[in-house]
Amino acid sequence: MNLDKLLETGDRCIHKEPPTCTAQCPVHLEIIDFLAEVEKSNFQNAYKLMEKKMPFHKIIGRICDHPCEAVCERNKAGGSIRISELEKAVLEYGTYKPKKVWPLPKNKGKVAIIGGGLSGLTAAVDLDKKGYTITIYEKSDRLGGRLWDFVDKGLTEALLQEEIKTVKDKKMAIQLEKPIDEVRLEALLTEYDAVYLGTATWESPLKWNSSTFQVEASTLFVGGQLVTKTESIIASASSGRRAAISIERYLSKVSLTDSREREGVFDTPLHFEISKHVALPPIEKSGEIYNPEEASAEAARCVKCQCRKCIEGCVHLRNFEMSPDAYVRQINHSERIILGTHYANKMINSCAECGLCKEECFLDISMNDIIHETRESMVERGKMPASAHDFALKDMAFSNSSRFSLVRKQPSKEESKDLFYYPLISFSDYVKGLYKGTGKTEYLFYPGCQLPASYPDDIKSIYEYLVGHIKGDVGIYLGCCGAPADWAGQQALMNENVEAIKKVWEEMERPTFILACSSCIRIFKKYLPEIAIASLWDIYVEKGLPNKDHIKTPQTLSIHDACGTRENSDLHESVRKIVAKLGYGIEELEYTKDRTKCCGYGGLVYYANRDQSNAFVNERIGESENDLLVYCAMCKDLFVSGGKRTYHLLDLLYPKDDGEAATRKMPTLSERHHNRSRVKQILLKEIWREEPEETMREDQFKLIIPDDVKQKIEDRYILMEDIQAVLQNAEENNERFCNPETGEYLARLRRDNVTFWVKYEKEENAFILKSVYSHRMEIVEE
Amino acid sequence: MKHESTDQTKWYCDKCQRELELAKVKVKYMEGNFEVDLMKCPSCNQVFIDETLALGKMKEVEEGLEDK
Ligand code: SF4
Ligand code: SF4
Ligand code: SF4
Ligand SMILES: [Zn+2]
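Conventions we followed
- Residues numbered from 1 in each chain as written.
- Chains lettered and ligands numbered in written order.
- Predicted model: local features only at pLDDT ≥ 70, side-chain atom pairs only at ≥ 80, totals over all residues.
- Heavy atoms only, no water.
- Helix = DSSP H or I, 4+ residues; strand = E, 2+ residues; numbered from the N terminus.
- Expected span 1.5 Å × (residues − 1).
- Buried < 20%, exposed > 50% of the residue type's maximum accessible area, 1.4 Å probe, protein only.
- Pairing = 2+ DSSP bridges.
- Axes fitted to C-alpha atoms, helices over the stretch in contact; angles between N-to-C directions.
- Parallel < 35°, antiparallel > 145°, perpendicular 65-115°, else oblique.
- Left-handed = near helix turned anticlockwise from the far one by under 90°.
- Contact = heavy atoms within 4.5 Å.
- Nonpolar A, V, L, I, M, F, W, Y, C, P; charged D, E, K, R; others polar.
- Buried area = accessible area lost by both parts, 1.4 Å probe.
- Salt bridge = Lys/Arg side-chain N within 4 Å of Asp/Glu carboxyl O.
- Polar contact = N/O pair within 3.5 Å; in protein donor to acceptor, adjacent residues only side chain to side chain.
- Phe/Tyr/Trp six-rings, centres within 6.5 Å; stacked < 30°, edge-to-face > 60°.
- Donors = N, O, S within 2.8 Å, 3.2 Å for Na, K, Ca; no water.
- Tetrahedral: all angles 85-135°; square planar, octahedral: opposite > 155°, others 65-115°.
- Near = heavy atom within 4 Å.

A.B. asks: Give a detailed account of helix α24 (residues 458-469) of chain A, specifying residues and quantitative values.
C.D. replies: Along its twelve residues, α24 of chain A runs 16 Å from first to last C-alpha, staying within 8% of the 16 Å computed at 1.5 Å per residue. Residues D458, I459, I462, Y463, Y465, L466 and V467 of chain A constitute the buried set of α24 of chain A.

A.B. asks: Can you break down the pairing of strand β8 (residues 473-478) of chain A residue by residue, with the values?
C.D. replies: All names here are of chain A. Here β8 lies mainly inside the structure; six of its six residues are buried. Here strand β6 (residues 406-408) runs beside β8; their pairing, made up of three bridges, is antiparallel. Each bridged residue has a counterpart across the sheet, and for R408 the counterpart in β8 is I476. Sheet topology places strand β7 (residues 441-446) next to β8; four bridges connect them, and they run parallel. Bridge assignment links T441 to a residue of β8, and that residue is D473.

A.B. asks: Please give an account of the packing of α24 of chain A against helix α28 (residues 536-543) of chain A that cites residues and values.
C.D. replies: A pair of packed helices is characterised by two quantities: the angle between their axes and the separation of those axes. All names here are of chain A. Between α24 and α28, the shortest axis-to-axis distance is 12 Å and the interhelical angle comes to 50 degrees. With respect to α28, the axis of α24 lies oblique. Considering how the two elements wind past one another, α24 and α28 form a crossing that is left-handed. Together, I462, Y465, L466 and H469 of α24 and L536, I539, Y540 and K543 of α28 make up the contact between the two elements. The residue makeup of the contact of α24 with α28, split by class, is six nonpolar, one polar and one charged.

A.B. asks: Give a description of the interface of chain B and chain A that names residues and reports values.
C.D. replies: Each side of the interface is counted separately: chain B has 30 residues, and chain A has 36 residues. Counting the surface lost from both chain B and chain A, the interface buries some 3300 Å², and carbon and sulfur atoms represent 56% of this. The tally of links from chain B across to chain A stands at five salt bridges. Here chain B is connected to chain A by 19 residue pairs in polar contact (both at pLDDT 80 or more). Secondary-structure elements contributing two or more residues to the side of chain B that touches chain A are β1 (12-13), β3 (21-29), β4 (32-40), β5 (47-48), α1 (51-55) and α2 (57-66) of chain B. Tallying contributions element by element places β3 of chain B first for the side of chain B that touches chain A, with five residues.

A.B. asks: Provide a residue-level description of the packing of aromatic side chains, including the pertinent values.
C.D. replies: All names here are of chain A. Throughout the structure, instances matching the rule amount to 28 aromatic pairs over all chains. Where Y463 meets W688, the ring centres are 5.4 Å apart and the plane angle is 35 degrees; that geometry is what we call tilted. Placement of the pair is Y463 in helix α24 and W688 in the loop between α34 (669-687) and β15 (702-704), with a sequence separation of 225 residues. The burial state of Y463 is the same as that of W688; both residues are buried. With 6.4 Å between their ring centres and 15 degrees between their planes, F737 and W757 make a pair best called stacked.

A.B. asks: Now, about the coordination of the zinc ion (ligand 4): what can you tell me, with residues and values included?
C.D. replies: All names here are of chain B. In this structure, C13 (SG), C16 (SG), C41 (SG) and C44 (SG) serve as the protein donors to the zinc ion (ligand 4), at separations of 2.2 to 2.3 Å. One can describe the donor arrangement at the zinc ion (ligand 4) as tetrahedral, given that its four donor atoms subtend angles of 105 to 113 degrees at the metal. Taken in chain order, the donor set of the zinc ion (ligand 4) reads C-x2-C-x24-C-x2-C. With C16 in the loop between β1 and β2 (18-19) and C41 in the loop between β4 and β5, this pair connects stretches of sequence that are 25 residues apart. For C41, a relative accessible area of 0% gives the class buried.

A.B. asks: Can you break down the site of ligand 3 residue by residue, with the values?
C.D. replies: Taken together, C13, I14, H15, C307, K309, C310, P324, C361 and I365 of chain A form the complete shell of residues around ligand 3. Here the shell around ligand 3 is built from residues that sort into seven nonpolar, one polar and one charged.

A.B. asks: Requested: an account of the site of ligand 1, with residues and values cited.
C.D. replies: All names here are of chain A. The environment of ligand 1 is formed by 13 residues, the closest being C21, C72, E73, C302 and C305. Elements supplying a minimum of two residues to the shell around ligand 1: α2 (20-24) and α3 (31-39). The element that contributes the greatest number of residues to the shell around ligand 1 is α3, accounting for three residues. Within the shell around ligand 1, the residues separate by chemical class into eleven nonpolar, one polar and one charged.

Here's what the structure looks like:
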């Protein structure tokens, strides 16, 4: 994995970028935090934030010309936050006695400060704190400069005197009534290690660097109004502080220019959309300054400008309290450590790989791609926890084994002869289709693995429909497209699977694949772009719906698009056309089509982190009061388990009279296996009229399973065939424990890399299951 | 990972009809290889793991090793 590229992507994320207010504040008060503290009435914490960033905060907090307010995003929705009024309130309610700081020994060099106004005092105090010996030269008889103009205009004389006294109390030399001219300046430059010039005017023109304030290559630094050329108080203070930083860097012999791009006012790369927020007008003051309640209410209007677009859409990022920039740092750490715990594993396996984040991000940052690449890297380095995806990968192996997998050409005309003479059947589209058979497979129906597992009875009907409606022979191919391997980051396995599909495609002379599963579509587009594909749903739109009388109760449905279809807008439209044709109303969800969310199955999160999967389910089903309409088997399964009435498109196209389709529980993990095998049997017997070589595996023991144990079997990803195998071994070899007090048996069997345990009781010829569980750790019995 | 089940005394090996005894047992997972005290049949060596152990401590250790 290219970690430099990874970090670069993380750095592009603007989540942590400052809001406009802070970027335009010359001293970068952390305004979001400041306002959050005020909102919570933590005035003292707010005060500390002012103290941290503002020189002479007690003065500036009262007279700042607040450039932050002009750019406040709130201005577009009711009016800027009254930040400067809130600063005044905080000075009133949050002041506390500062801790005594012990001055550093003054051994770092001598600096002269010319001009005792705000910028000069700021530079003086900052450098004094760092251990420089300071002398202030002021032409008048008092410090403070134009701050005196603010007496009775925001400041009291007492306050100003008090603040000036704090300067005088420090160990600096203060020379009043000492005007400096060019000749004196020359002398100071030789006498001192550096000189700061903070007078509003100077007799001759000077040339300084606009980011370091150094005058040419000399030891002279400038600041204050001479540089800012404005009346702005806060700009003056900021320039004094920045010049002090330059002096410190210069005298410490480090680069003057390194990483200073964001000093002073800068343009933040943050993009923030206020449009979703309702307009709120500013809170009026009832007195001279905000009272504490008013202050808190005013601060509450701040919308805390920050990019959270992807996070708002994704319950995975929210569950782990991760922004993409932080996520990237965690991955980077996890990829670099060799010894020690990889704490991020669980998180990395909890992403649904649904791609919504990229869709939401105006910078196209795709956590999906990053996380996927990380999984591949984990597998490659042997760091992928085996337990995360084991079950799904075994399920995939099952689907590609002879128990499900099947490839057949359309039954030939020759083989179907008998059907053509039978008057009734010969009217069916299917038989007409067979009659037109050419022997060349133009299409291959590939229903995937989950649709046959969930809708075993419909696969034959769909196949017959296709033969009857499509021009050209339609063959069938049963198997798994490899989506589990892709999600699990198993590149080698994925490639193997892709090659196997390609081989069938070549052998069949490159037919178009007809796909019904959204995951298959995604996988074919990603790994098999050379194979032409058509979606079953598109074909229904084009060729007409299979049955005539579907509609039961017309109602309004909300369509949940499978996340794998995100980029497939034609498919979205086809599905909507079918639903409308069937007579249902449609109400779109907020997150729909290319902005759809994952049902909770994607990325195998269902197996890797069930809580996270449930969070996806619950968030999605909570989005609408309407019944949902889905067209992916797993979406249906998860939503119904979450308690939401959900139709699969096939429920409507091939209605069954076996109860409410919208609440019908989907098959268990074992039933899914069983159903797939059954589909193969049905097709072989009824379409190809062959006797299957393999017979369905019948259960050897009759089991009685209480509901709570049924649930455990599902939650713990245990198959009935595992249970049967444990029982068989226990019964045949007596390998089991027995509890005479309860009459219970406990037996174990290691199958592949898992040990399964079954606790049971015998009753006549049946076994009552008491519990089942498993572990992956191997016990050496010796 | 020492473990003493709450009801282990009542269980015995059905194959050998013997009571279980606490013994040092080797367990392996990924790169991890260690010995723990578990109940087992002294004659056929079947080791008894109850549900609390399998889903509690054992799972924890498995996860710990998987994240190494
Ligand atoms: S709304 Fe809040 S965070 Fe956004 S610009 Fe205004 S004060 Fe700053
Ligand atoms: S791919 Fe989906 S689940 Fe993963 S981070 Fe993006 S939005 Fe969240
Ligand atoms: S949408 Fe997400 S990834 Fe994109 S900039 Fe915003 S926070 Fe970062
Ligand atoms: Zn024994």
